[in-house]
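Take a look at the letters that make up each chain.
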Amino acid sequence: MEFKQFIFYFFAAVLVFAATMVITVKNPVKAALFLVLAFFNAAGLWLLLQAEFLAIVLVLVYVGAVMVLFLFVVMMLDINIARLREGFTRYLPLGGAVAVLLAAEMALVLGSGRFGLERVPEPAGLAADASNTRALGRLLYTTYAYPFELAALVLLVAIIAAIVLTLRRRKDTKYQDPGRQVRVERSERVRLVKMPAEKKS
Amino acid sequence: MTEFLLGTWNGLPAWSQGALLDLAKILAIVLPLILAVAYLTFAERKIIGYIQVRIGPNRVGPRGWLQPLADALKLILKEIIVPANANKFLFVIAPLLAFAPALVAWAVIPFTDTMWVTNIDAGLLFILALSSLGVYGVIVAGWASNSKYAFLGAMRSAAQIVAYEIAMGFALVGVLMAAGSLNLREIVLHQQGGLHQWYLLPLLPLFLVYFIAGVAETNRAPFDVAEGESEIVAGFHVEYSGMTFALFFLAEYANMILISVLTAVMFLGGWLSPLPPQWVPEVPLLGALLGGGVHWLLLKVSLLLFCFLWFRATFPRYRYDQIMRLGWKVFIPVTLVWIGVIGGATFLTPWGGVFH
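Residues numbered from 1 in each chain as written. Chains lettered and ligands numbered in written order. Predicted model: local features only at pLDDT ≥ 70, side-chain atom pairs only at ≥ 80, totals over all residues. Heavy atoms only, no water.

Looking at an unreviewed UniProt entry, one finds chain B named NADH-quinone oxidoreductase subunit H. Quoted straight from UniProt, the Sequence similarities (unreviewed entry) entry for chain B says "Belongs to the complex I subunit 1 family." Recorded under Subunit (unreviewed entry), the UniProt text for chain B is reproduced unchanged: "NDH-1 is composed of 14 different subunits. Subunits NuoA, H, J, K, L, M, N constitute the membrane sector of the complex." (UniProt positions renumbered as here; feature names shortened; annotations may be inferred.)

Looking up chain A in an unreviewed UniProt entry gives the name NADH-quinone oxidoreductase subunit J. Of the comments in the UniProt record for chain A, the one headed Function (unreviewed entry) reads "NDH-1 shuttles electrons from NADH, via FMN and iron-sulfur (Fe-S) centers, to quinones in the respiratory chain. Couples the redox reaction to proton translocation (for every two electrons transferred, four hydrogen ions are translocated across the cytoplasmic membrane), and thus conserves the redox energy in a proton gradient." Recorded in UniProt for chain A, the comment headed Subcellular location (unreviewed entry) runs: "Cell membrane".

**Student:** Help me get a handle on the overall build of chain A, residues and values and all.
**Tutor:** Helix and strand content of chain A: nine helices and zero strands. Taken over C-alpha atoms, the radius of gyration comes to 29 Å for chain A, far larger than the 17 Å a tight globule of 201 residues would show. Within chain A, the proportion of its 201 residues that are buried is 16%. Expressed as a percentage of contacts within chain A between residues at least 6 apart in sequence, the contacts between residues at least 24 apart total 53%. For chain A, the accessible surface area stands at approximately 17100 Å², while carbon and sulfur atoms represent 67% of it. (Helix = DSSP H or I, 4+ residues; strand = E, 2+ residues; numbered from the N terminus. Rg over C-alpha atoms; globule rule 2.2 N^0.38 Å. Buried < 20%, exposed > 50% of the residue type's maximum accessible area, 1.4 Å probe, protein only. Contact = heavy atoms within 4.5 Å. Areas by Shrake-Rupley, 256 points an atom, 1.4 Å probe, with all protein chains shown as cover.)

**Student:** Summarise the pattern of salt bridges; cite the residues concerned and give the values.
**Tutor:** Any two side chains of opposite charge can pair, on the condition that their charged atoms come close. Residues and elements named next belong to chain B. The full count for this structure, using the stated rule, is five salt bridges over all chains. Across the pair Arg 312 and Glu 44 runs a salt bridge whose closest N-O atoms are separated by 2.8 Å. You can see Arg 312 sitting in helix H13 (residues 294–314) and its partner Glu 44 sitting in helix H2 (residues 14–51), a full 268 residues away along the chain. Take Arg 312: its relative accessible area is 40%, and that puts it in the partly exposed class. You can call Glu 44 buried: its relative accessible area is 4%. (Salt bridge = Lys/Arg side-chain N within 4 Å of Asp/Glu carboxyl O.)

**Student:** For the UniProt feature "transmembrane region" (unreviewed entry) in chain A, give the residues involved together with the corresponding values.
**Tutor:** Residue and element names in this part refer to chain A. When the UniProt feature table is mapped onto this chain numbering, "transmembrane region" (unreviewed entry) sits at residues 6–25, 32–49, 55–79, 91–111 and 144–167. As annotated, residues 32–49 comprises 94% helix and 0% strand, and the C-alpha atoms at either end are separated by 26 Å. Between the end C-alpha atoms of residues 91–111 the distance is 30 Å, and the span holds 95% helix and 0% strand.

**Student:** I'd love a proper account of the side chain of Ser273(B), names of residues and values included.
**Tutor:** Residue and element names in this part refer to chain B. Relative to the helices and strands, Ser 273 resides in the loop between helix H11 (242–267) and helix H12 (284–290). The exposure class assigned to Ser 273 is buried, which follows from its relative accessible area of 6%. Not counting the four nearest positions on each side in its chain, Ser 273 is found in contact with Gly 194, Trp 198, Leu 290, Gly 291, Gly 292 and Trp 296.

**Student:** Break down the environment of Ile7(A) for me, citing the residues and quoting the values.
**Tutor:** One can find Ile7(A) in helix H1 (residues 3–24). As a C-alpha pair, Ile7(A) and Leu45(A) span 38 residues in sequence and 8.7 Å in three-dimensional space.

**Student:** For the interface of chain B and chain A, give the residues involved together with the corresponding values.
**Tutor:** Contact with chain B, which involves 25 residues of that partner, is made by 26 residues of chain A. Carbon and sulfur atoms make up 78% of the area that chain B and chain A hide from each other, which totals about 2100 Å². Where chain B meets chain A, there are one residue pair in polar contact (both at pLDDT 80 or more). Residues that form the side of chain B that touches chain A fall into these classes: 18 nonpolar, three polar and four charged. (Buried area = accessible area lost by both parts, 1.4 Å probe. Polar contact = N/O pair within 3.5 Å; in protein donor to acceptor, adjacent residues only side chain to side chain. Nonpolar A, V, L, I, M, F, W, Y, C, P; charged D, E, K, R; others polar.)

Quick look at the structure:
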(Lines give C-alpha, C1' and ligand atoms only; values in the text may rest on other atoms or scores of the structure.)
Protein backbone atom coordinates (compact mmCIF):
# COMPACT_ATOMS: atom_id res chain seq x y z
CA MET A 1 0.00 0.00 0.00
CA GLU A 2 1.27 3.43 -0.90
CA PHE A 3 1.90 5.87 1.97
CA LYS A 4 -0.70 8.30 0.59
CA GLN A 5 -3.30 5.56 0.57
CA PHE A 6 -2.46 4.69 4.14
CA ILE A 7 -3.00 8.34 5.13
CA PHE A 8 -6.32 8.37 3.28
CA TYR A 9 -7.60 5.28 5.05
CA PHE A 10 -6.36 6.58 8.39
CA PHE A 11 -8.19 9.91 8.03
CA ALA A 12 -11.28 8.16 6.64
CA ALA A 13 -11.38 5.68 9.52
CA VAL A 14 -11.08 8.40 12.16
CA LEU A 15 -13.69 10.47 10.31
CA VAL A 16 -16.21 7.62 10.28
CA PHE A 17 -15.48 6.80 13.93
CA ALA A 18 -15.90 10.45 15.00
CA ALA A 19 -19.09 10.85 12.98
CA THR A 20 -20.55 7.72 14.59
CA MET A 21 -19.62 9.01 18.03
CA VAL A 22 -21.34 12.34 17.32
CA ILE A 23 -24.71 10.60 17.08
CA THR A 24 -24.19 7.86 19.67
CA VAL A 25 -22.39 9.56 22.55
CA LYS A 26 -24.70 10.65 25.38
CA ASN A 27 -23.09 13.91 26.44
CA PRO A 28 -23.84 16.79 24.01
CA VAL A 29 -20.54 18.54 24.77
CA LYS A 30 -18.62 15.38 23.88
CA ALA A 31 -20.72 15.05 20.72
CA ALA A 32 -19.75 18.59 19.70
CA LEU A 33 -16.07 17.85 20.33
CA PHE A 34 -16.30 14.68 18.23
CA LEU A 35 -17.83 16.80 15.47
CA VAL A 36 -14.73 19.01 15.66
CA LEU A 37 -12.57 15.90 15.25
CA ALA A 38 -14.68 14.87 12.24
CA PHE A 39 -14.19 18.30 10.64
CA PHE A 40 -10.44 18.05 11.13
CA ASN A 41 -10.27 14.69 9.39
CA ALA A 42 -12.47 15.90 6.54
CA ALA A 43 -10.04 18.81 6.13
CA GLY A 44 -7.18 16.29 6.03
CA LEU A 45 -8.93 14.38 3.24
CA TRP A 46 -9.40 17.59 1.26
CA LEU A 47 -5.71 18.38 1.66
CA LEU A 48 -4.96 14.97 0.12
CA LEU A 49 -7.09 16.02 -2.87
CA GLN A 50 -4.94 19.20 -3.22
CA ALA A 51 -7.88 21.41 -2.22
CA GLU A 52 -5.96 23.38 0.40
CA PHE A 53 -8.28 26.40 0.32
CA LEU A 54 -11.37 24.30 1.12
CA ALA A 55 -9.49 22.40 3.82
CA ILE A 56 -8.23 25.48 5.63
CA VAL A 57 -11.54 27.31 5.30
CA LEU A 58 -13.34 24.29 6.74
CA VAL A 59 -11.13 24.48 9.83
CA LEU A 60 -11.33 28.29 9.95
CA VAL A 61 -15.11 28.60 9.62
CA TYR A 62 -16.53 25.43 11.13
CA VAL A 63 -13.95 24.57 13.78
CA GLY A 64 -12.85 28.12 14.59
CA ALA A 65 -16.19 29.91 14.61
CA VAL A 66 -19.31 27.75 14.25
CA MET A 67 -18.35 25.01 16.69
CA VAL A 68 -17.09 27.51 19.27
CA LEU A 69 -20.51 29.15 19.30
CA PHE A 70 -22.15 25.73 19.30
CA LEU A 71 -20.12 24.61 22.32
CA PHE A 72 -20.89 27.93 23.97
CA VAL A 73 -24.61 27.17 23.76
CA VAL A 74 -24.45 23.43 24.42
CA MET A 75 -22.37 23.90 27.59
CA MET A 76 -24.95 26.20 29.10
CA LEU A 77 -27.85 23.83 28.41
CA ASP A 78 -28.92 21.57 31.21
CA ILE A 79 -29.97 18.59 29.12
CA ASN A 80 -31.89 15.77 30.70
CA ILE A 81 -30.52 12.71 28.92
CA ALA A 82 -33.17 10.34 30.24
CA ARG A 83 -35.94 12.48 28.75
CA LEU A 84 -34.09 12.75 25.45
CA ARG A 85 -33.93 8.98 25.11
CA GLU A 86 -37.59 8.51 26.11
CA GLY A 87 -39.07 8.32 22.63
CA PHE A 88 -36.30 6.16 21.20
CA THR A 89 -38.37 3.00 20.67
CA ARG A 90 -41.41 4.97 19.51
CA TYR A 91 -39.50 6.74 16.75
CA LEU A 92 -37.33 3.75 15.84
CA PRO A 93 -39.55 2.37 13.01
CA LEU A 94 -39.92 5.76 11.30
CA GLY A 95 -36.23 6.64 11.73
CA GLY A 96 -35.18 3.20 10.56
CA ALA A 97 -37.37 3.47 7.47
CA VAL A 98 -35.83 6.86 6.57
CA ALA A 99 -32.34 5.43 7.09
CA VAL A 100 -33.06 2.40 4.89
CA LEU A 101 -34.54 4.69 2.22
CA LEU A 102 -31.41 6.88 2.24
CA ALA A 103 -29.12 3.88 2.06
CA ALA A 104 -31.15 2.41 -0.84
CA GLU A 105 -31.03 5.71 -2.74
CA MET A 106 -27.30 5.95 -2.27
CA ALA A 107 -26.82 2.37 -3.41
CA LEU A 108 -28.93 3.05 -6.52
CA VAL A 109 -26.95 6.17 -7.43
CA LEU A 110 -23.51 4.71 -6.71
CA GLY A 111 -24.32 1.30 -8.22
CA SER A 112 -25.78 2.70 -11.44
CA GLY A 113 -22.48 2.26 -13.26
CA ARG A 114 -22.06 5.98 -13.94
CA PHE A 115 -19.01 6.22 -11.72
CA GLY A 116 -15.65 4.54 -11.68
CA LEU A 117 -12.40 5.04 -13.53
CA GLU A 118 -13.73 3.51 -16.77
CA ARG A 119 -16.56 6.07 -17.02
CA VAL A 120 -14.84 9.16 -15.66
CA PRO A 121 -11.10 9.39 -16.28
CA GLU A 122 -8.85 10.22 -13.34
CA PRO A 123 -8.22 13.99 -13.27
CA ALA A 124 -4.66 15.04 -13.98
CA GLY A 125 -2.77 16.18 -10.87
CA LEU A 126 -2.34 19.91 -10.36
CA ALA A 127 0.94 21.58 -11.23
CA ALA A 128 3.23 22.17 -8.26
CA ASP A 129 2.74 25.96 -8.40
CA ALA A 130 -1.03 25.86 -8.91
CA SER A 131 -2.89 27.84 -6.26
CA ASN A 132 -6.52 26.95 -5.94
CA THR A 133 -7.09 29.99 -3.75
CA ARG A 134 -6.26 32.12 -6.78
CA ALA A 135 -8.27 29.91 -9.14
CA LEU A 136 -11.35 30.09 -6.89
CA GLY A 137 -10.97 33.86 -6.57
CA ARG A 138 -10.75 34.28 -10.35
CA LEU A 139 -13.92 32.27 -10.88
CA LEU A 140 -15.92 33.88 -8.07
CA TYR A 141 -15.11 37.46 -9.03
CA THR A 142 -15.41 37.11 -12.82
CA THR A 143 -17.63 34.31 -14.12
CA TYR A 144 -19.80 34.01 -11.04
CA ALA A 145 -19.67 37.65 -9.88
CA TYR A 146 -23.45 38.16 -9.82
CA PRO A 147 -24.39 34.89 -8.07
CA PHE A 148 -21.61 35.64 -5.59
CA GLU A 149 -22.96 39.14 -4.87
CA LEU A 150 -26.46 37.69 -4.58
CA ALA A 151 -25.29 35.15 -2.00
CA ALA A 152 -23.58 37.96 -0.07
CA LEU A 153 -26.83 39.94 -0.09
CA VAL A 154 -28.81 36.96 1.19
CA LEU A 155 -26.31 36.55 4.03
CA LEU A 156 -26.52 40.25 4.88
CA VAL A 157 -30.32 40.03 5.03
CA ALA A 158 -30.00 37.01 7.31
CA ILE A 159 -27.64 38.88 9.63
CA ILE A 160 -29.93 41.91 9.85
CA ALA A 161 -32.97 39.68 10.36
CA ALA A 162 -31.25 37.82 13.19
CA ILE A 163 -30.37 41.10 14.89
CA VAL A 164 -33.85 42.57 14.43
CA LEU A 165 -35.54 39.40 15.73
CA THR A 166 -33.49 39.30 18.92
CA LEU A 167 -33.15 43.02 19.61
CA ARG A 168 -35.60 43.99 22.31
CA ARG A 169 -35.02 46.73 24.79
CA ARG A 170 -36.51 45.96 28.14
CA LYS A 171 -37.54 49.12 29.92
CA ASP A 172 -36.40 47.99 33.35
CA THR A 173 -32.84 47.13 32.26
CA LYS A 174 -30.23 49.74 32.96
CA TYR A 175 -27.93 50.66 30.10
CA GLN A 176 -24.67 52.55 30.10
CA ASP A 177 -23.96 55.13 27.46
CA PRO A 178 -20.15 55.07 26.99
CA GLY A 179 -20.22 58.44 25.20
CA ARG A 180 -21.83 60.09 28.20
CA GLN A 181 -19.50 58.25 30.57
CA VAL A 182 -16.50 59.68 28.76
CA ARG A 183 -17.90 63.20 28.55
CA VAL A 184 -18.79 63.35 32.22
CA GLU A 185 -17.35 66.29 34.14
CA ARG A 186 -16.47 66.85 37.73
CA SER A 187 -19.33 69.28 38.24
CA GLU A 188 -21.89 66.56 37.42
CA ARG A 189 -20.59 64.12 39.99
CA VAL A 190 -19.20 66.11 42.90
CA ARG A 191 -21.12 68.75 44.79
CA LEU A 192 -19.21 70.80 47.32
CA VAL A 193 -21.37 71.87 50.19
CA LYS A 194 -20.31 74.75 52.33
CA MET A 195 -21.31 74.55 55.93
CA PRO A 196 -20.11 76.21 59.02
CA ALA A 197 -18.04 74.23 61.48
CA GLU A 198 -20.08 72.56 64.19
CA LYS A 199 -19.70 74.08 67.60
CA LYS A 200 -19.76 72.16 70.81
CA SER A 201 -22.88 73.13 72.61
CA MET B 1 34.08 11.08 13.04
CA THR B 2 32.68 13.33 10.29
CA GLU B 3 33.15 10.55 7.72
CA PHE B 4 31.37 8.08 9.97
CA LEU B 5 28.42 10.46 10.44
CA LEU B 6 28.24 11.20 6.71
CA GLY B 7 28.38 7.49 5.96
CA THR B 8 25.50 6.72 8.33
CA TRP B 9 23.50 9.63 6.91
CA ASN B 10 23.95 8.50 3.31
CA GLY B 11 23.13 4.93 4.31
CA LEU B 12 19.63 5.96 5.49
CA PRO B 13 16.69 5.57 3.10
CA ALA B 14 15.55 8.78 1.41
CA TRP B 15 12.22 9.08 3.22
CA SER B 16 13.83 8.86 6.65
CA GLN B 17 16.41 11.49 5.63
CA GLY B 18 13.54 13.88 4.81
CA ALA B 19 11.75 13.06 8.04
CA LEU B 20 14.90 13.55 10.12
CA LEU B 21 15.61 16.90 8.44
CA ASP B 22 12.06 18.09 9.16
CA LEU B 23 12.38 16.92 12.75
CA ALA B 24 15.65 18.83 13.11
CA LYS B 25 14.01 21.99 11.73
CA ILE B 26 11.10 21.65 14.16
CA LEU B 27 13.48 21.18 17.09
CA ALA B 28 15.53 24.18 15.95
CA ILE B 29 12.39 26.31 16.32
CA VAL B 30 10.69 24.74 19.34
CA LEU B 31 13.69 24.58 21.69
CA PRO B 32 14.69 28.29 21.33
CA LEU B 33 10.98 29.13 21.58
CA ILE B 34 10.60 27.34 24.92
CA LEU B 35 13.74 29.10 26.16
CA ALA B 36 12.37 32.43 24.93
CA VAL B 37 9.10 31.75 26.77
CA ALA B 38 10.98 30.99 29.99
CA TYR B 39 13.00 34.19 29.79
CA LEU B 40 9.94 36.20 28.71
CA THR B 41 8.38 35.37 32.08
CA PHE B 42 11.58 36.57 33.73
CA ALA B 43 11.61 39.74 31.60
CA GLU B 44 8.00 40.35 32.52
CA ARG B 45 8.67 40.17 36.25
CA LYS B 46 11.77 42.35 35.96
CA ILE B 47 10.23 44.99 33.67
CA ILE B 48 6.99 45.27 35.60
CA GLY B 49 9.14 45.37 38.75
CA TYR B 50 11.10 48.36 37.49
CA ILE B 51 7.92 50.08 36.23
CA GLN B 52 6.49 49.72 39.74
CA VAL B 53 9.76 50.91 41.33
CA ARG B 54 10.83 47.59 42.84
CA ILE B 55 13.63 45.22 41.91
CA GLY B 56 11.90 42.04 40.84
CA PRO B 57 13.36 38.52 41.22
CA ASN B 58 17.09 38.73 42.06
CA ARG B 59 17.82 35.76 44.37
CA VAL B 60 18.28 32.71 42.12
CA GLY B 61 21.58 32.82 40.25
CA PRO B 62 23.47 35.99 39.29
CA ARG B 63 20.96 38.91 39.21
CA GLY B 64 18.13 36.38 39.20
CA TRP B 65 19.02 34.89 35.82
CA LEU B 66 18.21 31.33 36.90
CA GLN B 67 14.74 32.24 38.22
CA PRO B 68 12.83 30.73 35.20
CA LEU B 69 14.64 27.41 35.68
CA ALA B 70 13.73 27.35 39.36
CA ASP B 71 10.09 28.12 38.44
CA ALA B 72 10.05 25.31 35.88
CA LEU B 73 11.54 22.84 38.38
CA LYS B 74 8.94 23.82 40.98
CA LEU B 75 6.05 23.36 38.54
CA ILE B 76 7.35 19.97 37.32
CA LEU B 77 7.66 18.62 40.85
CA LYS B 78 4.22 19.72 42.02
CA GLU B 79 1.33 17.27 42.15
CA ILE B 80 -1.31 17.33 39.44
CA ILE B 81 -4.69 17.33 41.14
CA VAL B 82 -7.72 16.20 39.16
CA PRO B 83 -10.91 17.51 40.79
CA ALA B 84 -13.66 15.09 41.75
CA ASN B 85 -16.33 14.69 39.03
CA ALA B 86 -14.08 16.34 36.47
CA ASN B 87 -13.98 14.81 33.03
CA LYS B 88 -10.48 13.30 33.32
CA PHE B 89 -9.66 12.88 29.65
CA LEU B 90 -10.75 16.37 28.62
CA PHE B 91 -9.23 17.85 31.77
CA VAL B 92 -5.80 16.50 30.85
CA ILE B 93 -6.03 17.16 27.13
CA ALA B 94 -7.18 20.81 27.46
CA PRO B 95 -3.70 22.27 28.20
CA LEU B 96 -2.37 20.43 25.16
CA LEU B 97 -5.15 21.90 23.02
CA ALA B 98 -4.11 25.35 24.24
CA PHE B 99 -0.39 24.85 23.68
CA ALA B 100 -0.26 22.95 20.37
CA PRO B 101 -1.74 25.62 18.02
CA ALA B 102 0.76 28.16 19.39
CA LEU B 103 3.59 25.89 18.21
CA VAL B 104 2.09 24.66 14.93
CA ALA B 105 1.69 28.18 13.54
CA TRP B 106 5.49 28.57 13.46
CA ALA B 107 5.56 26.16 10.51
CA VAL B 108 4.77 28.97 8.05
CA ILE B 109 6.71 31.88 9.58
CA PRO B 110 9.50 33.12 7.28
CA PHE B 111 12.54 34.10 9.38
CA THR B 112 14.59 35.43 6.48
CA ASP B 113 14.33 35.33 2.72
CA THR B 114 15.64 31.76 2.70
CA MET B 115 14.92 30.46 6.21
CA TRP B 116 11.58 28.78 6.92
CA VAL B 117 10.11 25.38 7.68
CA THR B 118 7.46 25.43 4.96
CA ASN B 119 6.62 28.12 2.45
CA ILE B 120 2.98 27.47 1.58
CA ASP B 121 0.85 29.72 -0.60
CA ALA B 122 -2.07 29.86 1.81
CA GLY B 123 0.11 30.82 4.80
CA LEU B 124 -2.11 33.67 5.95
CA LEU B 125 -5.20 31.43 5.91
CA PHE B 126 -3.30 28.77 7.83
CA ILE B 127 -2.39 31.33 10.50
CA LEU B 128 -5.98 32.53 10.75
CA ALA B 129 -7.29 28.99 11.08
CA LEU B 130 -4.78 28.10 13.78
CA SER B 131 -5.20 31.28 15.81
CA SER B 132 -8.89 30.46 16.14
CA LEU B 133 -8.13 27.01 17.58
CA GLY B 134 -6.45 28.22 20.77
CA VAL B 135 -9.85 28.96 22.29
CA TYR B 136 -10.67 25.23 22.47
CA GLY B 137 -8.08 24.73 25.18
CA VAL B 138 -9.74 27.40 27.30
CA ILE B 139 -13.32 26.25 26.68
CA VAL B 140 -12.58 22.57 27.24
CA ALA B 141 -10.58 23.37 30.39
CA GLY B 142 -13.43 25.45 31.77
CA TRP B 143 -16.04 22.81 31.09
CA ALA B 144 -14.02 19.72 32.10
CA SER B 145 -12.98 21.23 35.47
CA ASN B 146 -16.56 20.96 36.75
CA SER B 147 -16.17 24.26 38.58
CA LYS B 148 -18.32 27.38 38.37
CA TYR B 149 -15.38 29.80 38.31
CA ALA B 150 -13.58 27.89 35.57
CA PHE B 151 -16.80 27.71 33.59
CA LEU B 152 -17.41 31.46 33.86
CA GLY B 153 -13.84 32.09 32.72
CA ALA B 154 -14.30 29.81 29.72
CA MET B 155 -17.55 31.53 28.72
CA ARG B 156 -15.96 34.97 28.93
CA SER B 157 -12.97 33.83 26.93
CA ALA B 158 -15.08 32.23 24.21
CA ALA B 159 -17.21 35.36 23.73
CA GLN B 160 -14.14 37.59 23.71
CA ILE B 161 -12.16 35.51 21.22
CA VAL B 162 -15.11 35.17 18.83
CA ALA B 163 -15.52 38.97 18.91
CA TYR B 164 -11.87 39.82 18.29
CA GLU B 165 -11.25 37.03 15.78
CA ILE B 166 -13.43 38.91 13.27
CA ALA B 167 -11.57 42.21 13.61
CA MET B 168 -8.28 40.32 13.38
CA GLY B 169 -9.39 38.56 10.21
CA PHE B 170 -10.47 41.83 8.61
CA ALA B 171 -7.12 43.43 9.47
CA LEU B 172 -5.42 40.53 7.70
CA VAL B 173 -7.73 41.03 4.69
CA GLY B 174 -6.28 44.55 4.43
CA VAL B 175 -2.74 43.15 4.41
CA LEU B 176 -3.79 40.60 1.81
CA MET B 177 -5.24 43.34 -0.42
CA ALA B 178 -2.10 45.46 -0.14
CA ALA B 179 0.34 42.61 -0.79
CA GLY B 180 -1.81 40.70 -3.28
CA SER B 181 -0.62 37.41 -1.82
CA LEU B 182 -1.44 34.97 0.98
CA ASN B 183 2.17 33.83 1.17
CA LEU B 184 3.87 35.34 4.23
CA ARG B 185 7.28 35.51 2.53
CA GLU B 186 5.83 37.46 -0.39
CA ILE B 187 4.01 39.77 2.01
CA VAL B 188 7.38 40.67 3.55
CA LEU B 189 9.07 41.03 0.14
CA HIS B 190 6.31 43.48 -0.89
CA GLN B 191 7.44 45.77 1.95
CA GLN B 192 10.99 46.07 0.60
CA GLY B 193 12.67 49.46 0.26
CA GLY B 194 12.97 50.88 3.77
CA LEU B 195 10.79 52.02 6.64
CA HIS B 196 8.39 54.08 4.51
CA GLN B 197 7.51 50.99 2.44
CA TRP B 198 6.38 48.94 5.44
CA TYR B 199 2.64 48.45 5.87
CA LEU B 200 2.91 50.18 9.24
CA LEU B 201 2.09 53.63 7.81
CA PRO B 202 -0.42 52.95 4.98
CA LEU B 203 -2.23 50.35 7.09
CA LEU B 204 -1.80 52.12 10.45
CA PRO B 205 -5.44 51.58 11.60
CA LEU B 206 -5.22 47.90 10.70
CA PHE B 207 -1.89 47.59 12.51
CA LEU B 208 -3.39 49.05 15.69
CA VAL B 209 -6.50 46.88 15.43
CA TYR B 210 -4.45 43.74 14.77
CA PHE B 211 -2.08 44.30 17.65
CA ILE B 212 -4.77 45.21 20.18
CA ALA B 213 -6.92 42.28 19.01
CA GLY B 214 -3.80 40.14 19.44
CA VAL B 215 -3.51 41.29 23.05
CA ALA B 216 -7.17 40.41 23.54
CA GLU B 217 -6.77 37.06 21.79
CA THR B 218 -3.94 36.01 24.10
CA ASN B 219 -6.05 36.92 27.15
CA ARG B 220 -3.43 39.38 28.34
CA ALA B 221 -4.05 42.42 30.52
CA PRO B 222 -5.99 44.71 30.04
CA PHE B 223 -8.21 42.08 28.34
CA ASP B 224 -7.64 39.29 30.86
CA VAL B 225 -11.23 38.94 32.06
CA ALA B 226 -10.97 35.17 31.40
CA GLU B 227 -8.71 34.96 34.46
CA GLY B 228 -9.86 38.11 36.26
CA GLU B 229 -8.50 37.10 39.64
CA SER B 230 -10.44 39.71 41.57
CA GLU B 231 -13.77 38.43 40.20
CA ILE B 232 -13.47 34.72 39.34
CA VAL B 233 -10.30 33.64 41.18
CA ALA B 234 -8.18 32.49 38.22
CA GLY B 235 -10.84 31.79 35.62
CA PHE B 236 -10.49 28.79 33.38
CA HIS B 237 -7.32 27.39 34.98
CA VAL B 238 -8.39 27.67 38.61
CA GLU B 239 -8.46 23.86 39.05
CA TYR B 240 -5.11 23.25 37.35
CA SER B 241 -1.87 22.64 39.20
CA GLY B 242 1.70 21.63 38.48
CA MET B 243 2.63 20.83 34.90
CA THR B 244 -0.94 21.11 33.55
CA PHE B 245 -1.04 24.70 34.79
CA ALA B 246 2.46 25.29 33.42
CA LEU B 247 1.24 24.29 29.94
CA PHE B 248 -1.45 27.00 30.02
CA PHE B 249 1.23 29.42 31.15
CA LEU B 250 3.54 28.35 28.33
CA ALA B 251 0.69 28.61 25.82
CA GLU B 252 -0.07 32.20 26.87
CA TYR B 253 3.54 33.32 26.46
CA ALA B 254 4.11 31.31 23.26
CA ASN B 255 1.00 32.98 21.84
CA MET B 256 2.36 36.40 22.81
CA ILE B 257 5.58 35.68 20.91
CA LEU B 258 3.61 34.35 17.96
CA ILE B 259 1.37 37.43 17.75
CA SER B 260 4.47 39.66 17.94
CA VAL B 261 6.19 37.74 15.13
CA LEU B 262 3.08 37.91 12.96
CA THR B 263 2.69 41.64 13.57
CA ALA B 264 6.36 42.12 12.68
CA VAL B 265 6.04 40.03 9.52
CA MET B 266 2.85 41.64 8.29
CA PHE B 267 3.24 45.28 9.28
CA LEU B 268 6.89 45.92 10.22
CA GLY B 269 8.66 44.33 7.26
CA GLY B 270 9.71 41.05 8.91
CA TRP B 271 13.45 40.55 8.53
CA LEU B 272 13.91 43.70 6.40
CA SER B 273 16.07 46.56 7.61
CA PRO B 274 14.39 49.96 8.11
CA LEU B 275 17.11 51.57 5.93
CA PRO B 276 16.52 51.74 2.17
CA PRO B 277 18.96 49.34 0.42
CA GLN B 278 20.89 52.19 -1.26
CA TRP B 279 21.78 53.67 2.16
CA VAL B 280 23.36 50.48 3.45
CA PRO B 281 27.17 50.89 3.13
CA GLU B 282 29.25 48.16 1.49
CA VAL B 283 31.32 47.59 4.64
CA PRO B 284 32.02 43.97 5.74
CA LEU B 285 30.49 43.84 9.23
CA LEU B 286 28.35 47.00 9.32
CA GLY B 287 26.80 46.30 5.93
CA ALA B 288 25.55 42.88 7.02
CA LEU B 289 24.29 44.36 10.29
CA LEU B 290 22.39 47.25 8.68
CA GLY B 291 21.06 45.16 5.79
CA GLY B 292 18.16 42.77 6.27
CA GLY B 293 18.57 39.72 8.46
CA VAL B 294 16.98 37.65 11.19
CA HIS B 295 18.39 40.06 13.83
CA TRP B 296 15.95 42.75 12.64
CA LEU B 297 13.04 40.35 13.08
CA LEU B 298 14.22 39.55 16.62
CA LEU B 299 14.55 43.24 17.41
CA LYS B 300 11.04 44.04 16.19
CA VAL B 301 9.58 41.08 18.06
CA SER B 302 11.34 42.16 21.27
CA LEU B 303 9.93 45.66 20.90
CA LEU B 304 6.38 44.35 20.45
CA LEU B 305 6.78 41.96 23.39
CA PHE B 306 7.91 44.88 25.52
CA CYS B 307 4.64 46.60 24.54
CA PHE B 308 2.70 43.55 25.83
CA LEU B 309 4.43 43.87 29.22
CA TRP B 310 4.10 47.65 29.22
CA PHE B 311 0.33 47.41 28.62
CA ARG B 312 -0.02 45.02 31.52
CA ALA B 313 1.77 47.36 33.90
CA THR B 314 -0.09 50.46 32.68
CA PHE B 315 -3.76 49.78 32.02
CA PRO B 316 -6.45 48.66 34.45
CA ARG B 317 -8.57 45.70 33.37
CA TYR B 318 -11.39 46.45 30.94
CA ARG B 319 -14.93 45.99 32.12
CA TYR B 320 -16.64 43.16 30.25
CA ASP B 321 -19.21 45.25 28.35
CA GLN B 322 -16.47 47.67 27.34
CA ILE B 323 -14.46 44.82 25.81
CA MET B 324 -17.46 43.73 23.76
CA ARG B 325 -18.16 47.31 22.69
CA LEU B 326 -14.55 47.86 21.59
CA GLY B 327 -14.49 44.62 19.60
CA TRP B 328 -17.84 44.83 17.84
CA LYS B 329 -18.57 48.53 17.60
CA VAL B 330 -15.13 50.08 17.16
CA PHE B 331 -12.66 47.61 15.66
CA ILE B 332 -14.87 45.91 13.09
CA PRO B 333 -16.17 49.21 11.58
CA VAL B 334 -12.62 50.66 11.55
CA THR B 335 -11.25 47.67 9.64
CA LEU B 336 -14.22 47.62 7.24
CA VAL B 337 -13.76 51.31 6.43
CA TRP B 338 -10.04 50.88 5.86
CA ILE B 339 -10.60 47.88 3.56
CA GLY B 340 -12.96 50.12 1.58
CA VAL B 341 -10.33 52.87 1.50
CA ILE B 342 -7.67 50.47 0.17
CA GLY B 343 -9.99 49.06 -2.50
CA GLY B 344 -11.28 52.49 -3.52
CA ALA B 345 -7.81 54.03 -3.70
CA THR B 346 -6.49 51.14 -5.76
CA PHE B 347 -9.21 50.99 -8.39
CA LEU B 348 -10.79 54.45 -8.49
CA THR B 349 -7.98 56.93 -7.76
CA PRO B 350 -4.37 57.29 -8.98
CA TRP B 351 -3.08 57.03 -5.36
CA GLY B 352 -3.36 53.24 -5.16
CA GLY B 353 0.44 53.02 -5.12
CA VAL B 354 0.45 54.23 -1.51
CA PHE B 355 -0.89 50.85 -0.42
CA HIS B 356 1.25 48.64 -2.65
